[in-house]
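Notes for the structure review
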Amino acid sequence: MNNRVKNYQVNRIRETSQGHSLIPPCQVACPLHMEIGKYVDLVAQGKVLEALQVIREGNPFPSICAYVCTHPCEDACRRNQVDKPISIRALKRFAVEFGGDRMIELEAETTQDEKVALVGSGPAGLACAYYLRKLGYPVTIFEAYSELGGMLRVGIPRYRLPREVVDTEVQRLIHMGVEIKTNTRVISIDLLFDMGYKAVFITVGAHQSLRMGIEGEDSPGVIDGATFLREVNLGLKPALGKEVAVVGGGNVAMDAARAAVRLGTSKVSILYRRSRTEMPASPDEIEQAMEEGVETMFLVAPIKMKRENGRLSVTCVRMELGEPDTGGRRRPVPIEDSEYDTEFDTLITAIGQAPQISEDFRLRLGRGSTIKVDPVTLTTNRTGVFAGGDAVTGPATVTQALASGRQAAFCIDDYLHHRYPLVDKEAEETLSGELSPKTIEMIRKIERLEPPLLSPETRTKEFKPIEQIYNWEAAVDEARRCLRCGMGAEIMFQDKCATCLTCLRVCPYHVPYLDEWGTIQIPADECQACGICVAECPARAIILRKPYDRRHIDEELEHALRSAAESKSKPLIIGFCCQYGLFGTGTLASLWRESRAGIWIVPVLCVAKLEGEHILRAFEMGAEGVFIAGCGEQCSRENTAFWVLQRVEEVRRTISQIGLEQERVQTFNLRAADDDITEALDNFTERIGGLCLASVIEEEVKS
Amino acid sequence: MIVAEQKSLEEIKRVIAPYEKVLLLGCGTCVTVCGAGGEREVAFLHSALRVAQVRSHDGIHNFSEYTVKRQCDFEFLDVLEDKVNEVDTILSLGCGIGVQVVADRFPDIPVLPGVNTSFMGMAKEWGVWDERCAACGDCRLAETAGICPITRCTKAILNGPCAGTKNGKCEANKDMECAWILIYKRLERLQQLEKMRRYYPPRNFRVIPRPRRIVMRADVESGGDNG
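**Points about the sheet that holds strand β1 (residues 2-6) of chain B**
Residues and elements named next belong to chain B. With respect to topology, three strands assemble into an open sheet ordered β1-β6-β7, the strand pairing being antiparallel. What marks the edges here is a single partner per strand, and that holds for β1 and β7 (128-133). Pairwise comparison of adjacent strand axes, ignoring direction, gives a mean angle of 70° for this sheet. As defined by bridge partners, strand β6 (residues 115-125) adjoins β7 across five bridges and the pair is classed as antiparallel.

Following this line, the structure appears as structure tokens:
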């Protein structure tokens, strides 16, 4: 059990690489290395339960990430190079909600003796507790505030992360047997060791706002961002007055500004000393803040403040951008004689935060008063004391904190078992990031569907979550945009390859090429995994790196044929339908598995992967008719309809020589706007019934 | 490359009719490339034959399938040794050469052709093959600008074009290019039109004895003191 959980990530990667698939850029970018490609594909098939399962395997608290993840995966998504990235976070939210994440109950058994203490209950602490419980350790969380969650509770405003979500996850941890001590500030690590804890994980976060270091900073009416958000999140309503200024350009500044809007201030301005392009806050946040009426003043910095007549008089100076600093951002330089005075009721400073580590912990600190740790083992200068989360990195994202918590759990496990730390040799083979221009040109551009947001007018009235969930069809359509990086075709049997150039000629994306030695190469970086070359290869030398797709048709077909044989309803009609277009959107869901007499549906992951043999197999097993229902022009891949028709013609030619009518094989377009698929299908069934009857009569006459 | 075309299902059914256990034998070279008898086609034919058997309710055949890298060399056929003992016939989807070599290699078993070997040619594009060479054994392409009138002219004349050419097309088939017009245009482009102005006497095909054999190796004594 231990090793299973611990080597989870390594195992997963090995498992997938058995199918030769390469790790896609989204997975590489994810701090938790979640199998994004896999769950997005499952959502595209309408399989939310399975998608949620994949998500839960890689993420202890998917419901939290579904709301607040800053989705570095989307920045790495290669669809960026074509149009816009897949909306991965929103799809996760969809899977979490529709997959019934809140119903999931977790249990854990205590199999280890060594107690572990966690100081702080932010995302890193909670994740560490989750994995330590899975590994079987007794875990106690010490939390200084009255409620668990750290920044999830006191930092992130409710409109971005509803408190119920955090509550659910906390309840789940309690159910797993995590001991919780709230309102308990740990003042000494020695004390914890005295209490019998064998290892300690320090994850106290970075709650201390940085000071601007200017005159009048301590005047009444000046409040720091972290404190302000904490007060708001704990349900207090700080009196802000009418006009509020927020200093800073990060996510905390955005949160503070948008929280201020929701508290009913009439005007909120953000003062930022650089320009919009340098703003560290996520672009969505900035966009949404502006929609909500937050004003932004760029290239401005306050230099002096004074409380006068019940208002705050602020002297600002204008800036210009100078040379780039070490971080690559251009350094703001004050413009001489550009000072001007302005007035606000309240000024919120949000220029950064740092951890506040008690000296009594006797931990070695580094830059920005963060705890110094070994990046691989997360060990501090004290034996048995580990640290992670914002306390180590400085303010970072929730997902990074979760990853750090997970890493800590495994490191603590190693430490307690006197094992040499396991270095995660992550995926030897990853995908290079760039698509070639000619592939990009051939990839169909499909608009990214954003989940609906509440209108700025409604959402600024209260702290309700502003983002809605996709509906089923939108989620499926969005997920289908995935380019399936790293799952593409490869020449599995180079010795079989006759270099016939079929793959090169049939590929809609012009991916295969002849190298200078006359060998066909299918670069994994470019392949879109449509499967056309796999079905067309006359030597059967090509497979998809995700071999499941073809096996899937065989298995589903045999399953349908077996069930059909049992049910004995006549005439038997087999329908090969695109799983993406069919069940995903429910177009033909009413047809699912003999909801209509005699019709058995075989879901295929795109009809382009269907081979003539599959159709013949259906006839061999007694089918009277076969139809193929694809998505026509709606298909997210190119040329699929053309290839389906090619194979259908091949089969029609063949069965007509056997004495079967060609019309027994029919194609339908699931997504045709004007055609009613159910009606077309009724006609087809009727015709097959007629043909069937005719042949029976013929037999009778003969005998 | 040799281009072949699979025989009709009806014909195949007819030739295998007397035999119970049939090995469908594909070839991984030319017929794979031209989509007539590679592994994919063998599998498809296998399925089709099974459907035919089920539908005609007279199931007597027992099919198996295998594809070798090349049927026209004995060495590639060694792997079949065990398999052929278990079957009554081999339906070879190799070209005519393959069928004969398989028959030669396994003298005790009937070998049947599953494809019609059509010509030597090239893939014009995916799914379209054109004849290009007649293997006449006396290549004149140097004089005809790399375009073979023996294969590409319906009449195979050496001094064309004939009077039947019209708008660059052949009188025998309006969709077919006249080979001699192509030759003329290409010679013009190469500034070698003088080659059109010569007369090529008819060739005497009787001087080529059939079947032909080419011996590459020199006739030297083996062994002795020379080694």
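The rest of the description comes next.
**Section: the sheet that holds strand β4 (residues 89-92) of chain B**
Residues and elements named next belong to chain B. Ordered in space as β3-β2-β4-β5, the four strands form an open sheet in which the pairing is parallel. Single-partner strands in this sheet number two, and they are β3 (62-68) and β5 (111-113). Across the sheet, the mean angle from the axis of one strand to that of its neighbour is 25°, orientation sign disregarded. Alignment of β4 against β5, held across three bridges, turns out to be parallel. Considered in β5, the bridge of S92 is made with P113.

**Notes on the domain arrangement of chain B**
Taken domain by domain, chain B comprises domain 1 (2-118) and domain 2 (135-207). Each of domain 1 of chain B and domain 2 of chain B has a C-alpha centre, and the two are 38 Å apart.

**Description of the domain arrangement of chain A**
Accessible area lost upon the coming together of the parts serves often as the stated size of an interface. Residues and elements named next belong to chain A. On domain assignment, one finds that chain A holds domain 1 (2-104 + 435-480), domain 2 (115-207 + 355-416), domain 3 (209-351), domain 4 (489-544) and domain 5 (549-702). Centre-to-centre separation of domain 1 and domain 4, based on C-alpha positions: 29 Å. In this complex, domain 1 contributes eight residues to the contact, which on the side of domain 4 involves eight residues. Among the residues making up the side of domain 1 that touches domain 4, the classes are represented as four nonpolar, three polar and one charged.

**Examining the nonpolar core**
If you look at the biggest cluster of nonpolar residues, it comprises 248 residues, and the most contacted ones within it are A:V43, A:V200, A:F201, A:V246, A:A256 and A:A257. Discounting chain neighbours no more than four positions away, the residues touching A:A256 are A:G225, A:F228, A:L229, A:V246, A:I348 and A:A350. Residues B:C170, B:C178, B:A179 and B:W180 belong to the second largest nonpolar core, which totals eight residues.

**A short note on the packing of helix α4 (residues 36-44) of chain A against helix α5 (residues 48-58) of chain A**
All names here are of chain A. Relative to each other, α4 and α5 sit at 165°, their axes nearing to 8 Å. In this view, α4 runs roughly antiparallel relative to α5, as classed from their interaxial angle. Of the two elements, α4 crosses α5, and the hand of that crossing is left-handed. Residue-level contacts link K38, Y39, L42 and V43 of α4 to V48, E50, A51, V54 and I55 of α5. A breakdown of the residues in the contact of α4 with α5 according to their chemical character gives seven nonpolar, no polar and two charged.

**Thoughts on the interface of chain A and chain B**
Taken together, the contact pairs 21 residues of chain A with 23 residues of chain B. Looking at the side of chain A that touches chain B, the elements that each hand over two or more residues are α21 (502-506), α24 (612-620) and α25 (640-658) of chain A. Among the elements that line the side of chain A that touches chain B, the one with the most residues is α24(A), at six residues. Looking at the side of chain A that touches chain B residue by residue, the classes come out as 10 nonpolar, five polar and six charged.

**Observations concerning α4(A)**
Residue and element names in this part refer to chain A. Of all nine residues making up α4, nine are buried, and the element is well covered by its neighbours. Turning to α4, its buried residues number three or more, namely I36, G37, K38, Y39, V40, D41, L42, V43 and A44. Close packing links the buried residues of α4 with α3 (25-29), α5, α7 (72-76), α8 (88-98) and α20 (472-480). Once α4 finishes, G46 follows within two positions and takes phi at roughly 80°, a positive value.

**Concerning the confidence of the model for chain B**
Here chain B shows a mean pLDDT of 92. Residues at 70 or above account for 97%. In the predicted assembly, ipTM is 0.90 and pTM is 0.86.

**Details of unusual backbone geometry**
Residues apart from glycine generally show negative phi values, whereas peptide bonds are mostly found in trans. For the bond running from B:G160 to B:P161, omega is -5°, close enough to zero to count as cis. If you trace the backbone, B:P161 turns up in the loop between α7 (149-152) and α8 (179-189). For A:H71, which is not glycine, the phi dihedral falls at a positive 35°. For A:H71, the location among the structural elements is in the loop between α6 (62-68) and α7.

**Topic: the pairing of strand β12 (residues 330-334) of chain A**
Residue and element names in this part refer to chain A. Here four bridges tie strand β11 (residues 311-324) to β12, and the two strands are oriented antiparallel to one another. Pairing of P324 across the sheet is with R330, part of β12. Between β11 and the antiparallel strand that follows it, β12, lie five residues; G328 among them carries a positive phi value of about 95°.

**Focus: the packing of α4(A) against α20(A)**
All names here are of chain A. Where α4 contacts α20, the axes come no closer than 7 Å and their chain directions differ by 135°. Judged by the inter-axis angle, α4 sits oblique to α20. Judged by the twist between their axes, the crossing of α4 over α20 is left-handed. On α20, the residues that touch V40, V43 and A44 of α4 are A475, V476, A479 and R480. The residue makeup of the contact of α4 with α20, split by class, is six nonpolar, no polar and one charged.

Procedures and definitions
Residues numbered from 1 in each chain as written. Chains lettered and ligands numbered in written order. Predicted model: local features only at pLDDT ≥ 70, side-chain atom pairs only at ≥ 80, totals over all residues. Pairing = 2+ DSSP bridges. Helix = DSSP H or I, 4+ residues; strand = E, 2+ residues; numbered from the N terminus. Axes fitted to C-alpha atoms, helices over the stretch in contact; angles between N-to-C directions. Domains from an automatic or database assignment. Contact = placed C-beta atoms within 7 Å. Nonpolar A, V, L, I, M, F, W, Y, C, P; charged D, E, K, R; others polar. Core = buried A, V, L, I, M, F, W, Y, C linked by C-beta atoms within 7 Å. Buried ≥ 20, exposed ≤ 12 C-beta atoms within 10 Å, placed from the backbone. Parallel < 35°, antiparallel > 145°, perpendicular 65-115°, else oblique. Left-handed = near helix turned anticlockwise from the far one by under 90°. pLDDT = per-residue confidence, 0-100.

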